Amino acid sequence: ARYRAISWVAAMRQSMGHASLIRLDADLVTSAGARCLDGSGGGFYWRAASSAQNATKLVVFLQGGGECRSATECAVWDGGAGRGSAGWPKTKRLGEDELSDDASVNPHFHDWNKLFVPYCSADMHSGTRLTPSHALGGGYFAGHNLINATLAQLRRSLPALAPSLVLLSGSSAGGIGVLLHADYFAAAWPAATVKAAPAAGFFYPAVSSERDFINGDATPARRLGLAAEWAPYVSPRCAALYPGEASKCTDAAFAWRALATPLFVRENQYDTAKLANCGCDASAALTANDTSYLRQWGRWVRGTLRDLGSEATPHGYFAPSCLSHAANLGWSAAPLIRGVSMLDSLAAWFFETGGAPARLADDCGELPCGGGGGGSCPHLPQDPLSRACVGRLAELCHGLRGRGDACDACLESHVHDLEAHGCPSRGRPLLRWYCGGGGAGGHHVCDVRIGTNDVASLPPPSEALPRIPTVTIAPGVEMPLINLGGVHSHPSNYSAWLQLGGRGLDTAMMYGDDVQVEVGDAVAASGLPREELFLTSKVPCCPAESFTSWCVWYDKEYKDLDAYTRSEIDARLLGVARVDLLLLHWPCATMEETVATYRSLERFALDGKASAIGISNFNASAIDALFAAGLTVPPAVNQVGFSIGGHSESRLGRDLDTLRKCREKGIAFSAYSPLGGLSGVDVLHHPRVLKVAAAHNRSAAQVALRWVTQQGVVAVSASSNPAHLASDLGSFSFNLTGAEMKALAEI
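What counts, and where the lines are drawn
Residues numbered from 1 in each chain as written. Predicted model: local features only at pLDDT ≥ 70, side-chain atom pairs only at ≥ 80, totals over all residues. Heavy atoms only, no water. Helix = DSSP H or I, 4+ residues; strand = E, 2+ residues; numbered from the N terminus. Buried < 20%, exposed > 50% of the residue type's maximum accessible area, 1.4 Å probe, protein only. Contact = heavy atoms within 4.5 Å. Areas by Shrake-Rupley, 256 points an atom, 1.4 Å probe, with all protein chains shown as cover. Expected span 1.5 Å × (residues − 1). Salt bridge = Lys/Arg side-chain N within 4 Å of Asp/Glu carboxyl O. Pairing = 2+ DSSP bridges. Right-handed = clockwise from strand over helix to strand, strands pointing away. pLDDT = per-residue confidence, 0-100. Axes fitted to C-alpha atoms, helices over the stretch in contact; angles between N-to-C directions. Parallel < 35°, antiparallel > 145°, perpendicular 65-115°, else oblique. Left-handed = near helix turned anticlockwise from the far one by under 90°. Core = buried A, V, L, I, M, F, W, Y, C linked by side-chain atoms within 4.5 Å. Disulfide = S-S within 2.5 Å. 1 Å grid on protein atoms, 1.4 Å probe; cavity = no way out; pocket = protein on both sides within 12 Å on 5 of 7 lines; lining within 4 Å. Points joined across faces, edges and corners; volume = space filled by probe spheres on them. Nonpolar A, V, L, I, M, F, W, Y, C, P; charged D, E, K, R; others polar. Lys, Arg positive; Asp, Glu negative; His and termini not counted. Phe/Tyr/Trp six-rings, centres within 6.5 Å; stacked < 30°, edge-to-face > 60°.

**Student:** Just give me the short version of the overall build of the protein chain, but keep the residues and values in it.
**Tutor:** When its secondary structure is counted, the protein chain shows 26 helices and 24 strands. Here the protein chain, with 747 residues, has 57% of them falling under the buried criterion. Restricting to contacts in the protein chain with at least 6 residues of sequence separation, those with at least 24 account for 74%. Of the roughly 28,900 Å² of accessible surface on the protein chain, 53% is carried by carbon and sulfur atoms.

In structure tokens:
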């Protein structure tokens, strides 16, 4: 193995800028199923960095080239690197974009190690089949197997390779492969910083209503994503987020919510491939209806991009308002957005330099697809080389801008003249883009003005999980309007909650040390910055009139400890130096004992160990008694059992008088059991709840939660089912009418 590695590296150095083909070992082909569509063994191209300072830096590129979904399609599929590897050349020039070794074209990554993964599986790099598919004409679909074997071959042949910085990229079907495997590559190199930048992969607006798409398919990835016959790979994290809808994991508009790996989406707002999949042929002259549809499409895309690139995420995007698929997303061909190039934007995101905006989407109202004749395209790069190239081309091929083949033919006839005027061959993609975007067909002859729109006036896309609203509970302290709880007998899936976008976790000392540790482990494993999370915990007050049985258990462990010490133990179990909210779990047997215990919480907050403190299960009279004692730090929150129905029970604060008292005192109201478990009413099957749910195309549970949170009441839900957790987080995507709120309150 050592000899093979040395020989390989020597071959790399002799390749003089070319990447060398490395075929997979026979055992990887047979046992790991690493085969092309025709059954031949796969491989990859490798070019080593020439300088020691870049020896641990790596660009990985997944090639694109369509896919096949039927025996007829698969019989003729020949995209990417073809159906098999027999004819692959021994060396390959990696001369474009992130793979280029030309520092003038690729200043940031030109001397990094380069790994090029050919595409020969027709399955968007997803398949895991070990045997041929007779239903699809006898082809192997083993894209994921090929990636897995590539990583294994790298470990064998370059055992010293230890990446520290990795850019994972790919275009079209390769971009989809990036979405599917971003976390997979990150797991393969846990010591490395891995970031993913797909170009022109699936990115559909995250809308859900069937009327939103021409063909009546709310998410085209459902039928254009993963084919079951491929036996596709989907990351466990994404599968948990979208149970039964794995194809959403191919669509960046949805998949980003499941990715731990930072993502930079390179996508045209009006991607012709996506539009065609939705029934809009933007390569032909557009009707008035088409134009109206494109106008709405642009709104959807920009709204979805805002969700993906919110300040709470590590993700970025570069989205020109161009009518094209992938031809204008290369380093040299990409347009400017507000004077910033795609390369500068991506570099600012990747290296976190802040030198340029990392989230850019045009809303200039014009599609630079030509056909109008004359005038300069406002998206064309404005550097001197580009101006010289395009200016000369405009002189030589006057009137042919955007005319597809006719413009391309003119370009080819004047290649030598263009080179003489400072436009070298590497500028050719820019000129082809000027001619109409290149790619299949190459004809973008429409001349459509989309018009500027007030994107902020649009509601967020209903199927994208919205950012969770917060409520201010104390100066500088924002609490999510929904949090995940759970007790020892009914634990919740805290890790899935955080993966799905939840940020509030609710627990308590009385739920058991194991629950506290489980919550703390989920926080640590999430990798999320501590400031993005909101941790609520509770310390008991014993002896207690209403919670005697809980105090019996508590007394066995912590009877002789004061509340301050209990709180410190609680924080240690959670693995944090500070909790965001610490509650007194219930009133003690006497108000004197209650006040004394609350004083310990005040000290805990004043010592900086809790951002805010509060109470739980206090009714209106108990609140008045506590305030009468004189408080240094007033309670920020009162958490009680509260839901639709059951508002006559006042002993533990579940009544409307307690809600009114909290608002009078400036105390935020929080509801555990918000689905009605303590109400004495079968809320989730109540006819009135079901009627409202049907009117909004939502579940009864979402209606019950929205009734709570729409009043500004913080909800604390609980579930171990990822689908239920996702549904809870999606409950902010609609609003109940005033009449509906009133009708539900009367249950």
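Structure's up, so let's keep going.
**Student:** Go over the environment of Ala610, please, and point to the residues and values.
**Tutor:** The residue Ala610 is located in strand β21 (residues 610-616) in this model. A C-alpha to C-alpha distance of 9.9 Å links Ala610 and Ser537, two positions 73 residues apart in sequence.

**Student:** An account of helix α20 (residues 591-606) is needed here, citing residue identities and associated values.
**Tutor:** Between the first and last C-alpha of α20 there are 22 Å, a value that for 16 residues agrees with the 22 Å anticipated at 1.5 Å per step. On its buried side, α20 packs onto β19 (534-539), α19 (563-574), β20 (579-584), β21 and α21 (620-628). Note on α20: the residue one or two positions beyond its end, Gly608, has a positive phi of about 80°.

**Student:** Give me the pattern of salt bridges: which residues, what numbers.
**Tutor:** Applying the stated criterion across every chain yields a total of 21 salt bridges. In this structure, Asp101 engages Arg93 in a salt bridge whose closest nitrogen and oxygen atoms are separated by 3.3 Å. In this structure Arg93 comes out as partly exposed when scored by relative accessible area, which is 45%. Across the pair Glu532 and Arg503 runs a salt bridge, and its minimum N-O distance is 3.8 Å. With Glu532 in the loop between α17 (513-526) and β19 and Arg503 in the loop between α16 (494-499) and β18 (504-506), this residue pair connects regions lying 29 residues apart in the sequence. Classification of Arg503 by relative accessible area gives partly exposed; the value is 22%. Taken together, the shared-partner salt bridges in this structure form one network comprising Asp25, Asp27 and Arg156.

**Student:** Pulling in residues and values, what's your account of the pairing of β21?
**Tutor:** In terms of burial, β21 is largely enclosed, as six of its seven residues are buried. Sheet topology places β20 next to β21; five bridges connect them, and they run parallel. The partner of Val579 across the bridge, within β21, is Ala610. For the crossover that starts at β20, traverses α20 and ends in the parallel β21, the hand is right-handed. Sheet topology places β21 next to strand β22 (residues 637-641); two bridges connect them, and they run parallel. Among the inter-strand pairings, Ser616 is bridged to a residue of β22, identified as Gln639. Each parallel crossover has a hand, and the one from β21 via α21 to β22 is right-handed.

**Student:** How would you sum up the confidence of the model for the protein chain? Please name residues and give values.
**Tutor:** Of all residues in the protein chain, 80% have pLDDT values of 70 or greater, and the mean over the chain is 81. In the model, residues 1-16 has pLDDT below 50 throughout and makes 20 contacts with residues more than four positions away in sequence or in other chains. Predicted confidence for residues 425-430 stays below pLDDT 50, and this span has 17 contacts to residues more than four positions away or in other chains.

**Student:** Which residues make up unusual backbone geometry, and what values go with them?
**Tutor:** Between Cys542 and Pro543 the backbone carries a cis peptide bond, its omega angle lying at 0°. Backbone geometry places Ala200, a non-glycine residue, at a positive phi of 55°. Checked against the element boundaries, Ala200 lands in the loop between β7 (193-199) and α6 (221-224). Phi is positive for Ala231, close to 55°, though the residue is something other than glycine. Look at Ala231 and you get partly exposed, because its relative accessible area is 30%.

**Student:** Could you give me a rundown of the side chain of Gln516, with the residues and numbers involved?
**Tutor:** Among the secondary structure elements, Gln516 is positioned in helix α17. If sequence neighbours within four positions are ignored, Gln516 has contacts with Thr507, Ala508, Met509, Ser537, Asp570, Leu573 and Leu574.

**Student:** I'd like to hear about the packing of helix α4 (residues 143-157) against helix α5 (residues 173-188), residue by residue, with values.
**Tutor:** Contact geometry of α4 with α5 gives a least axis separation of 11 Å together with a crossing angle of 20°. Our classification of the angle between α4 and α5 gives roughly parallel. Here α4 and α5 pass one another in a crossing that is right-handed. Where α4 approaches α5, its residues His144, Ile147, Asn148 and Leu151 are matched on the opposing element by His181, Tyr184, Phe185 and Ala188.

**Student:** For the nonpolar core, give the residues involved together with the corresponding values.
**Tutor:** For soluble globular proteins, nonpolar side chains are generally found buried alongside one another. In terms of nonpolar packing, the biggest core is built from 201 residues, with Val60, Trp189, Trp297, Ile473, Leu505 and Leu744 touching the most fellow members. Excluding residues that lie within four positions of it along the chain, Leu744 makes contacts with Ile644, Arg688, Val689, Val692, Val703, Trp707 and Leu736.

**Student:** I'd love a proper account of the environment of Ala160, names of residues and values included.
**Tutor:** On the secondary structure map, Ala160 appears in the loop between α4 and β6 (165-171). Sequence separation between Ala160 and Thr56 is 104 residues; the distance between their C-alpha atoms is 9.7 Å.

**Student:** Go over the state of the cysteines, please, and point to the residues and values.
**Tutor:** Applying the stated criterion across every chain yields a total of four disulfides. Shown here is the disulfide that connects Cys36 with Cys120, its sulfur atoms set 2.2 Å apart. Residues Cys36 and Cys120 are joined through a disulfide that is left-handed, its torsion about the S-S bond being -75°. Pair noted here: Cys36 is in the loop between α2 (26-31) and β2 (43-47) and Cys120 is in the loop between β5 (113-117) and α4, with a separation of 84 residues, a long-range link.

**Student:** Please provide a residue-by-residue account of empty space enclosed by the protein, values included.
**Tutor:** Evaluation of the coordinates by the stated rule reveals six cavities of 30 Å³ or more. Taken as a whole, the second largest cavity holds about 60 Å³ of empty space. Contributing to the lining of the second largest cavity are Gly641, Phe642, Ser643, Gly645, Gly646, His647, Arg654, Tyr672, Ser673, Leu678 and Ser679. Within the lining of the second largest cavity, the residues separate by chemical class into three nonpolar, seven polar and one charged.

**Student:** Could you give an account of the side chain of Asp655, naming the residues involved and the relevant values?
**Tutor:** For Asp655, the position within the fold is in the loop between β22 and α22 (656-665). In this structure Asp655 is buried but unpaired, with Arg660 as the nearest side chain of opposite charge at 6.5 Å. Ignoring sequence-local partners within four residues, the contact set of Asp655 consists of His647, Glu649 and Ser650.

**Student:** Account for the packing of aromatic side chains, naming residues and giving values.
**Tutor:** Applying the stated criterion across every chain, the model contains 19 aromatic pairs. Consider the rings of Phe350 and Phe351, whose centres lie 5.0 Å apart with planes at 75°: the pair is edge-to-face. What makes Phe350 buried here is its relative accessible area of 3%. Seen from their ring centres, Tyr564 and Phe604 are 5.4 Å apart, and the 80° between their planes marks the pair as edge-to-face. Taken as a pair, Tyr564 in helix α19 and Phe604 in helix α20 lie far apart in primary sequence, 40 residues in all.

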